[in-house]
Amino acid sequence: MMKRTIQILTSFCFIFLSTVQAQQADWKAGVARMVITPKQHMAMAGFAVRTHPSEGKLHDLWAKALALQDASGKKVVLVTSDLLGLPKAVSDQIRDRIQSKYGITRNQIILNSSHTHSGPVLQNALSDIYLLDAAQLEQVKQYSRALEDHIVKLVGDALGKMEPAEVYAQNGVTRFQVNRRNNPVATLTKVTELQGPNDFAVPVLKVLNKKGELKAITFGYACHPTVLEIYQWSGDYAGFAQLELEKAHPGATAMFFQGAGADQNPLPRHTIPLARQYGRELAAAVDRVLEEDMRKLPAAITTAYAEVNLPMAPLPSKEELSKISQTAPVAYQKRWAERMLGKMQNGEQLSRLYPYPVQVWTLGGLPLVSLGGELTIEYAIKIKQILGQDAFVLGYCNDVMTYIPSCSILQEGGYEGDAARMVYGLPAKWDATIETKILTEVIAQCEKAGALKIVK
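Residues numbered from 1 in each chain as written. Predicted model: local features only at pLDDT ≥ 70, side-chain atom pairs only at ≥ 80, totals over all residues. Heavy atoms only, no water.

So, the pairing of strand 14 (residues 366–371)
With 6 of 6 residues buried, strand 14 lies mostly within the body of the structure. Residues L366, L368 and S370 line one face of strand 14 and the alternating positions P367, V369 and L371 line the opposite face, and both faces are buried. Pairing of strand 13 (residues 353–363) with strand 14, which is carried by 6 bridges, proceeds in the antiparallel orientation. From the neighbouring strand, V358 faces strand 14, where its bridge partner is L371. (Buried < 20%, exposed > 50% of the residue type's maximum accessible area, 1.4 Å probe, protein only. Helix = DSSP H or I, 4+ residues; strand = E, 2+ residues; numbered from the N terminus. Pairing = 2+ DSSP bridges.)

Observations regarding the side chain of N171
Summarising the element assignment, N171 is placed in strand 5 (residues 163–173). According to the relative accessible area criterion, N171 is buried, its value standing at 18%. For N171, the side chain forms a polar contact with the main-chain oxygen of D390, separated by 3.1 Å. Ignoring sequence-local partners within four residues, the contact set of N171 consists of A201, V202, P203, V289, Q389, D390, A391 and F392. (Polar contact = N/O pair within 3.5 Å; in protein donor to acceptor, adjacent residues only side chain to side chain. Contact = heavy atoms within 4.5 Å.)

Focus on the packing of helix 8 (residues 377–387) against helix 11 (residues 434–449)
Close contact between helix 8 and helix 11 brings their axes to 11 Å; oriented N to C, the two are set at 35°. In the crossing of helix 8 with helix 11, the sense of the turn from one axis to the other is right-handed. Across the interface between the two elements, Y379, K382, I383, I386 and L387 of helix 8 pack against I434, E435, I438, L439, V442, I443 and C446 of helix 11. In terms of residue class, the contact of helix 8 with helix 11 is built from 10 nonpolar, no polar and 2 charged. (Axes fitted to C-alpha atoms, helices over the stretch in contact; angles between N-to-C directions. Left-handed = near helix turned anticlockwise from the far one by under 90°. Nonpolar A, V, L, I, M, F, W, Y, C, P; charged D, E, K, R; others polar.)

Here's the deal with the confidence of the model for the protein chain
When pLDDT is averaged along the protein chain, the result is 93; 94% of the residues meet or exceed 70. Low confidence marks residues 5–24, where pLDDT is under 50. Its contacts with residues over four positions away, or in another chain, come to 1 contact. (pLDDT = per-residue confidence, 0-100.)

Details of the sheet that holds strand 14
Think of a sheet as strands paired side by side through backbone hydrogen bonds, with each pair either parallel or antiparallel. Across the sheet, which stays open at both edges, the 4 strands sit in the order 12-13-14-16 with mixed pairing between neighbours. Looking at which strands have only one partner, the edges of the open sheet turn out to be strand 12 (301–311) and strand 16 (392–394). Across the sheet, the mean angle separating the axes of adjacent strands is 15° when strand polarity is ignored. Sitting on the sheet, helix 8 is in contact with strand 14 and strand 16, with an inclination near 150° to strand 14.

A few points about the packing of aromatic side chains
The full count for this structure, using the stated rule, is 8 aromatic pairs. Consider the rings of F176 and Y221, whose centres lie 4.8 Å apart with planes at 50°: the pair is tilted. Of this pair, F176 sits in the loop between strand 5 and strand 6 (177–179) while Y221 sits in strand 8 (residues 214–221); the two residues are 45 residues apart in sequence, bridging distant segments of the chain. Overall, F176 belongs to the buried group, its relative accessible area being 5%. Between Y403 and Y415, the aromatic rings sit 5.3 Å apart at their centres with planes inclined by 80°, giving edge-to-face as the arrangement. (Phe/Tyr/Trp six-rings, centres within 6.5 Å; stacked < 30°, edge-to-face > 60°.)

Some details on the pairing of strand 8
For strand 8, the tally of buried residues reaches 7 of 8 residues, placing the bulk of the element in the interior. Taking the residues that link successive antiparallel strands as the turn, the strand 7 (residues 201–209)-strand 8 hairpin has 4 residues, and the phi of G212 there is positive, at about 85°. Where strand 8 lies against strand 9 (residues 253–258), 6 bridges are found, and the strand directions are parallel. Bridge pairing in strand 9 places F219 opposite F256. Handedness of the β-α-β unit built from strand 8, helix 4 (residues 236–248) and strand 9 comes out right-handed. (Right-handed = clockwise from strand over helix to strand, strands pointing away.)

Rendered as structure tokens:
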């Protein structure tokens, strides 16, 4: 009898331990969301042609967070937001506070902005293109400080809602992005074949709880949210896509992340019905993926992060800046030149190096590369050539300091290759080595995170 009892207890312990180990091998996930729509009329970001503050909203702006924990207890947090882009000062403050409060380091945090041009101006961002008085500048300052508090709290909320989960990934496709450098808007209706390069991928991450309920839909696309330039807050097409998905899947949180969409526009544009149409198209692409057999990801996370010093071209001289300040055809270029001159005259040293964030995660073997700035599409194409077509490539992450042109765009010049650095307030355009340095650092961080081993 005693022997039989011991056998039963031993079997029970084995089953119990096996169950515990199986549970420990699961993902844990937490999702949180927060409205970040300004409570007052204030300056809107993205377009220099706007002449007065906002006049209401089409729909709310949101910040949303997805926290994941693997079988070993390692955590990562992805934050998405309906904003033009977080400048370095704001992003650094948010990430430092998250690390201090929750113990989540920079390599475990991605702060992505959708790049909607229908969100609020942030402090220390594109200051030369906005003509703001003292009261407006104070509004921007107060909103930016409150935003920092909101995102820190949001991350804490997501971490506090962790529960056992399953995570799936797959890429879909939709084709409303148009390479704006290769397809002039004025002649678009006469064109029978659009020119590239393009990347039409719609990366999708699906999170289910243990009941099989859909908790989070994280999805991306590489395309400027510039359908709308009106005076109402909105997430543009990306905001409408999230609304469509949340309507179709009650109880789920839809999170949009921007890809390498710096040189990709939704065309045609400029109407609310078009923004809704593109939102529905993107939501339909995501829904198709959700209905298919997506790749189930094992509960394993690796992370790597670095800031590589990107060099700029030689700085302009005082004489060159003086000439620009007097003869530039665009007002913001004159203001930029005057500000640079003022720094020089005050003895401030203009730096030719910029600390550029490069980040790599693997989620159950899925490579995810997040890069700062307005990332042009060729980076996504080349990174996928290295890591495989299933890889997720995010731009507009952690610091949006200006455009990140490919080598070919830098040589061609134009807005993305040259003029945008004045919009963002950098002292010079990038050095010709920019693409090589970024891709080299991506490979280094992939090796550190084990992403290249997975591909091999």
